[in-house]
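Structure at a glance
The chain contents come next:
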Amino acid sequence: MILTSWTERKGKTVLLLSTDAETMPHDIENVENDQPSTSKKSRTVTKTAEAKIVNDTTIIHKVDLRNGDESTLCGVRSYICRLNRSLIAMRSIYVARPPPAIKPADFKCISYNRKRLVCQFQRDNSCGLYTEYNLSMIRLSSQSVCNLTDNGTMLSFDSSSDTCVFSSGHRTLTFRIEGTNKIGKTESTHLVDHFDIVRPEEPSDLDVSFLDITSVNLTWSMSFLLYNLNRSFEVEFHLITKHGVIQTFVNLSLSKDKKIMHHFEDLYAFTSYELRMRVRVIPKSERNFEEDYWSEWSSIEFQTKPCKPYEAPRILSGAYSFKERRENLVTIEVYWEQIPEHRYNGPGFGYGIYALSQSATSISQISFKLTDITEQSFTLRLQLSCMDQSLIDRYDVRYWPTLKRDAMRNQTFRPYDTVIPIENLVIDTEYEVIVTAYDDRGNTFEASSSVRTKDKDILMQLALFLLFGMLVMGFITTTATRKVKKIMNIKVEIPSGLLGIYETPIQVSLCSLTLSKRSLNSNLSPKVWSWKSFLMAKTINSSKSRIIVSHRTGNNRTSHHRSCPSMECQFK
């Protein structure tokens, strides 16, 4: 049998093949420098391998693994020793390396909001040899062995289901990884800054604290475990609309006495937004796998306030065509550049087309109407002819409380602003309103009116009056119902002296008697008992009863009767 030994020097793997362990040399460096033996019994091996005879029982063979392809160099190799073309011995050996050390760039640890630690690295089976790995956490003079979960190519450790000690307050974590295969063993040590590998929980309590036409303030909360990290945070925002996505990155620091807020501006007016955000810790040391340290996304939806369009549509010179001319009227088609949808700025967007006259010389009449009057506002609607509107360059609206002219307010509008809301007024106050129109020559034309805002107290009084009326009606209805029930619960009992031998007294409740008219049975001659109300009733016998009720009005009498099978007969 051929015995083998190996060592690795300067990237070369040296193999010793021998049939005698006692004659196998141990000083490889001297063996490589020695000259081949001149023994008559020794022969060199085939020239296809870099080998030489050391002595009568040993051959040295060198394999260079420095620059070669591992797939062609690694694996099982067979070596044959021949003498005069006769096979003396054959030996198969593995050519491989010990497992490579795990590099820092390949070792990833994530601390999920400082509550749970997960570390993982990839298995490296050098030259196809299976590698066994061990992971331990070192703290001071002790170490804890961590259980590794092996899914074939990746090994991972999870503190939530492991006995390996982990504390959220530890700043530096030290790990040791040992890899062992049939060739040898390697070790690697990794120092991890715990605060740099924290993956925060997603932001919570998102709220819009301020909302305007084109700006908004967003506030949110973060886990209290992140406040003492002494780290800054990077925040990624996505402002999503149907018109596109705006991506923004900002850096911020956490302070227990300061609310977390970010201001967004240059937004579109009257536009619905979905705002998504996530955060991650900005490390102080080098960190790989940056994308894995982002938190989950949080989102909130809001809509900016409306306003009037910022600009009129652009019209090119000569962008019109004549369609029809009839007497002194002409029909034309006008073309303009449409305003983008995200510039509509409000509901009910549309285009107004006005014909401006160059032949009229003066505004004929200015008039307006005040509508939609509330406690604190009203709407002014200009009523102008097309000709008059074409001559207006601008107009002013002035309004003030009738008794306080020094509180006058003045607003200027363009000629096509014909519907104007007037707001922030005083409740139940009379206002004077004057509209002054100016033409391009500076001439003025005025119209005036007055309006009184509604009184909020009147509505309250009306509501209280209606409520009080409902309570009174309820009380009257309840009282009347009780009295009626008391009257209807009067019971009439037939005196025992009027009963026959086989007759039994019964009580008749007036509220339960509703009898239809019938002809009296000629075979029965019941006795009738009259009471003050002229109600008469009598029982015939104990097995079957007939009740007769007589109502007398003057000399007329109307009788009703009904039979029933029981003694306590009630009619409803």
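Small disclaimer: the values here were computed from a predicted structure and weren't measured.

Turning our eyes to something else, we now look at the overall build of the chain. A tally of regular secondary structure across the chain gives 4 helices and 35 strands. Split into buried and exposed, the 572 residues of the chain put 34% on the buried side. Taking as baseline every contact in the chain between residues at least 6 positions apart, the subset at least 24 positions apart corresponds to 57%. Of the roughly 36,600 Å² of accessible surface on the chain, a fraction of 50% belongs to carbon and sulfur atoms.

Here the idea is simple: oppositely charged side chains can pair when their charged atoms come close. Taken as a whole and assessed by the stated rule, the structure comprises 22 salt bridges. Note that E341 and K242 form a salt bridge whose closest N and O atoms lie 2.7 Å from each other. Placement of E341 in the loop between β24 (329-334) and β25 (368-371) and of K242 in the loop between β18 (233-241) and β19 (244-252) is noted, with a sequence separation of 99 residues between them. For K242, a relative accessible area of 69% gives the class exposed. E290 serves as the salt-bridge partner of R280, at 3.7 Å between the closest nitrogen and oxygen. With R280 in strand β21 (residues 272-281) and E290 in the loop between β21 and β22 (298-303), the pair connects residues that are 10 residues apart, well separated along the chain. Of the residues examined, R280 reaches a relative accessible area of 14% and is grouped as buried.

Mapping S295 onto the fold places it in the loop between β21 and β22. Overall, the relative accessible area of 4% leaves S295 in the buried class. Apart from residues no more than four positions distant in its own chain, S295 is found in contact with R199, P200, E201, E202, P203, R278 and V279.

Another aspect to go through is the confidence of the model for the chain. Within the chain, residue pLDDT values average 76, and 71% of them lie at 70 or more. Confidence drops under pLDDT 50 across residues 1-14; counting only partners more than four residues distant or on other chains, this segment forms 56 contacts. This stretch, residues 26-49, has a pLDDT under 50; its non-local contacts, to residues over four places away or in other chains, come to 32 contacts.

The next point concerns the side chain of S111. Along the chain, S111 turns up in strand β7 (residues 108-112). For S111, a relative accessible area of 0% puts it in the buried group. A polar atom in the side chain of S111 sits 3.4 Å from the backbone nitrogen of R114. Residues in contact with S111, not counting those within four places in the same chain, are R116, L117, F166, H194, I197, V198 and R199.

Let's shift gears to the pairing of strand β14 (residues 185-193). Looking at chain direction, strand β13 (residues 172-180) and β14 are connected through 9 bridges and run antiparallel. Bridge pairing in β14 links G179 to T186. Linking β13 back to β14 in an antiparallel pair, the connection comprises 4 residues.

Core analysis: the biggest nonpolar cluster contains 26 residues, and L218, W220, F237, L275 and M277 have the highest contact counts within it. Counting residues per element, the ones that place at least two in this core are β17 (216-221), β18, β19, β20 (260-264), β21 and β22. For this core, the element with the most residues is β21, which contributes 5 residues. Apart from residues lying up to four places away in sequence, M277 is in contact with P203, L206, L218, W220, V235, E236, F237, E296, W297 and S298. If you look at the next biggest cluster of nonpolar residues, it comprises 22 residues, including I363, V397, I422 and L425.

Moving on, we get to unusual backbone geometry. Generally, phi is negative for residues other than glycine and the peptide bonds are trans, each holding for most cases. Unusually for a residue other than glycine, N345 sits at a positive phi of about 70°. Within the secondary structure layout, N345 lies in the loop between β24 and β25. With phi around 50°, D372 is a residue other than glycine that occupies positive phi space. Within the secondary structure layout, D372 lies in the loop between β25 and β26 (378-382).

Right, let's talk about a nonpolar patch on the surface for a bit. Taken together, I315, Y320, F322, V330, I332 and V334 make up a surface patch of nonpolar side chains, about 560 Å² in accessible area. Only β23 (320-326) and β24 provide two or more residues apiece to the nonpolar patch. Among the elements that line the nonpolar patch, the one with the most residues is β24, at 3 residues. Counting through the fold element by element, I332 comes out in strand β24.

Time to look at the sheet that holds β26. Strand pairing in a sheet relies on backbone hydrogen bonds. The paired strands run either parallel or antiparallel. Strand order in the open sheet made by the 3 strands is β25-β26-β29, with antiparallel pairing throughout. On the outer flanks of this sheet lie β25 and β29 (419-422), each paired with one strand and no other. Adjacent strand axes in the sheet meet at a mean angle of 20°, parallel and antiparallel pairs treated alike. Inspection of the sheet shows β25 paired to β26 by 4 bridges, in the antiparallel sense. What sits directly across from F368, in β26, is L382.

Burial within strand β30 (residues 430-439) is extensive, with 8 of its 10 residues counted as buried. Bridging between strand β27 (residues 392-401) and β30 involves 9 bridges; their strand directions are antiparallel. Along β30, the bridge assignment pairs D396 with T436. The pairing of β30 with strand β31 (residues 444-452) spans 9 bridges and is antiparallel. Residue pairing for β31: V435 is matched across the bridge by A447. Hairpin connection from β30 to β31: 4 residues lie between these consecutive antiparallel strands, with G442 at a positive phi of about 95°.

Calculation rules
Residues numbered from 1 in each chain as written. Predicted model: local features only at pLDDT ≥ 70, side-chain atom pairs only at ≥ 80, totals over all residues. Heavy atoms only, no water. Helix = DSSP H or I, 4+ residues; strand = E, 2+ residues; numbered from the N terminus. Buried < 20%, exposed > 50% of the residue type's maximum accessible area, 1.4 Å probe, protein only. Contact = heavy atoms within 4.5 Å. Areas by Shrake-Rupley, 256 points an atom, 1.4 Å probe, with all protein chains shown as cover. Salt bridge = Lys/Arg side-chain N within 4 Å of Asp/Glu carboxyl O. pLDDT = per-residue confidence, 0-100. Polar contact = N/O pair within 3.5 Å; in protein donor to acceptor, adjacent residues only side chain to side chain. Pairing = 2+ DSSP bridges. Core = buried A, V, L, I, M, F, W, Y, C linked by side-chain atoms within 4.5 Å. Patch = residues over 30% accessible without salt bridge, like charges linked within 9 Å, V, L, I, M, F, W, Y side chains within 5 Å. Axes fitted to C-alpha atoms, helices over the stretch in contact; angles between N-to-C directions.

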